[in-house]
Amino acid sequence: MSAETRPAKGRAPHRRDENARLAVLHAADDLLVERGFGGVTIEGIAARAGVAKQTIYRWWPSKVDVLLDTLVDDASRQLVVPDTGSAIDDTRRYLRVLARFLTREPAGKVLLALLGEAQHDAEMAGVFHHRYLDPQREREREMLKRGIAAGQLPAALDVDAALDALSGPIVYRALTGAPIPRSFVDGLVADILGRHRA
């Protein structure tokens, strides 16, 4: 699929050339999948996208900012927190999508790479939290809080601890390349939320 026919991605301070912007974002995605985080460079992105390095630096300070833009946009479309009226069903659906996102989608590889990089770069970790991790966690919290408000989950539920227990094993398996079958995801929900059912 060409950059012209792909859906719009990311945000940049200036949008003078939309085709070039899209080409940069998709090139960064592709290179990360092919070469890993360390193999992604501004030079490589520029060559793959067919743009000048100066074009990239005009819109993004670093390769991390490019990758964050593509992650934020892709996750907003592919990793949506559902709201069907059942907190347990919503959590099960969301975690199944999370597992698929992390193991099959290029943006999932970006997320895993940025999680790894955040362990070594405190400044980058702060930007990562602000741009993606904290907003996504808040959406996840709201999913469980709706269950508490509806009487589906107990008022005493520690929402953050429950989310850590639910998503942590999935992210760990994705980071280590272990399979994440649907039965594993469903078992987590049953173990963590089933025992807390109001």
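Everything below is about the structure shown above.
I will try to describe carefully the structure that is included in this document. By convention here, each chain's residues receive numbers from 1 onward along its written sequence. Per-residue local features of the predicted model are confined to residues with pLDDT of at least 70, and side-chain atom pairs are confined, for both listing and counting, to 80 or more; whole-chain, interface and lining totals are unaffected and use all residues. Hydrogen atoms and water are omitted, and side-chain values are computed over all heavy atoms in the structure.

## What about the pattern of salt bridges?
- Just to be clear on terms, a salt bridge is a Lys or Arg side-chain nitrogen sitting within 4 Å of an Asp or Glu carboxyl oxygen. Taken as a whole, this structure holds 15 salt bridges when the rule is applied.
- With its nearest N and O atoms 2.5 Å apart, the salt bridge here joins D74 to R77. Of the two residues, D74 and R77 both sit in helix α4 (residues 63-78), 3 residues apart, roughly one turn of that helix.
- Any residue under 20% of the maximum accessible area for its type is buried, any over 50% is exposed, and the rest in between are partly exposed; the area is computed with a 1.4 Å probe on protein chains only. Classification of R77 by relative accessible area gives partly exposed; the value is 39%.
- R137 is the salt-bridge partner of E140, the closest N and O atoms lying 3.3 Å from each other. Of this pair, E140 and R137 both sit in helix α7 (residues 122-149), 3 residues apart, roughly one helical turn.
- By relative accessible area, E140 is classed as buried at 9%.
- Three or more residues joined by partner-sharing salt bridges are found here, namely R137, E138, E140, R141, D160 and D164. Numbering of helices and strands runs from the N terminus; a helix is a DSSP stretch of H or I covering at least four residues, while a strand is a stretch of E covering at least two.

## Quick notes on the nonpolar core
- Here, nonpolar core means buried Ala, Val, Leu, Ile, Met, Phe, Trp, Tyr and Cys residues that are tied together by side-chain atoms lying within 4.5 Å of each other. Counting 61 residues, the largest nonpolar core has I56, L71, L114, F128, I170 and L193 as the members making the most contacts within it.
- Here, residues are in contact when the closest pair of their heavy atoms is within 4.5 Å. The contacts of I170, once residues within four sequence positions are left out, are L95, L98, A99, L102, I180, F184, V185 and L188.

## Digging into α7
- The term bend refers to the angle at a residue between two fitted axes, each drawn through seven residues, those ending there and those starting there. Within α7, the axis deviates most sharply at H129, by approximately 55°.
- Of all the residues in α7, the buried ones are M124, A125, F128, R131, Y132, Q136, R137, E140, M143, L144 and G147.
- Just downstream of α7, G151 is the residue with a positive phi angle, here 80°.

## As for the environment of L68
- Take L68: it is sitting in helix α4.
- On the accessibility criterion, L68 (0% relative accessible area) is buried.
- Between the C-alpha atoms of L68 and T41, which are 27 residues apart in sequence, the distance is 14 Å.
- Leaving out residues up to four positions away in the same chain, L68 has contacts with L114, V127, F128 and R131.

## Observations concerning the packing of aromatic side chains
- Centres within 6.5 Å make a pair out of two Phe, Tyr or Trp rings, where for Trp the six-membered ring is used; the pair is then stacked when the planes are under 30 degrees apart, edge-to-face when over 60, and tilted otherwise. Using the criterion set out here, one finds 2 aromatic pairs in the structure.
- Where W59 meets W60, the ring centres are 5.5 Å apart and the plane angle is 85°; that geometry is what we call edge-to-face. In this structure, W59 and W60 share a single accessibility class: buried.
- Taking 6.2 Å as the distance between ring centres and 15° as the angle between the ring planes, the aromatic pair formed by F128 and Y132 counts as stacked. Here the residue F128 and the residue Y132 both occupy positions in helix α7, the gap between them amounting to 4 residues, near one helical turn.
- The class of F128 is buried, set by a relative accessible area of 1%.
- The ring of F37 has K63 sitting right over it, with the charged end atom 4.1 Å from the ring centre.
- Sitting above the plane of the F184 ring, R173 keeps its charged end 3.9 Å from the centroid. Geometrically, a lysine NZ or arginine CZ counts as sitting over a ring once it is within 6 Å of the ring centre and also within 35 degrees of the ring normal.

## Thoughts on the packing of helix α5 (residues 87-104) against α7
- The N-to-C vectors of α5 and α7 enclose an angle of 150°; their axes lie 8 Å apart at closest approach. Accordingly, the angle class assigned to the pair α5 and α7 is roughly antiparallel. Residues A87, D90, T91 and Y94 of α5 lie in contact with α7, whose contacting residues are Q136, E140, M143, L144 and G147.
- Considered class by class, the residues forming the contact of α5 with α7 number 4 nonpolar, 3 polar and 2 charged. Here the axes come from fitting lines to C-alpha atoms, over the contacting stretch only for helices, and the angles between their N-to-C directions go from 0 to 180 degrees. In what follows, roughly perpendicular refers to angles from 65 to 115 degrees, roughly parallel to angles under 35, roughly antiparallel to angles over 145, and oblique to any angle outside these ranges. Residue classes follow a fixed rule: Ala, Val, Leu, Ile, Met, Phe, Trp, Tyr, Cys and Pro count as nonpolar, while Asp, Glu, Lys and Arg count as charged, and any other residue, Gly among them, counts as polar.

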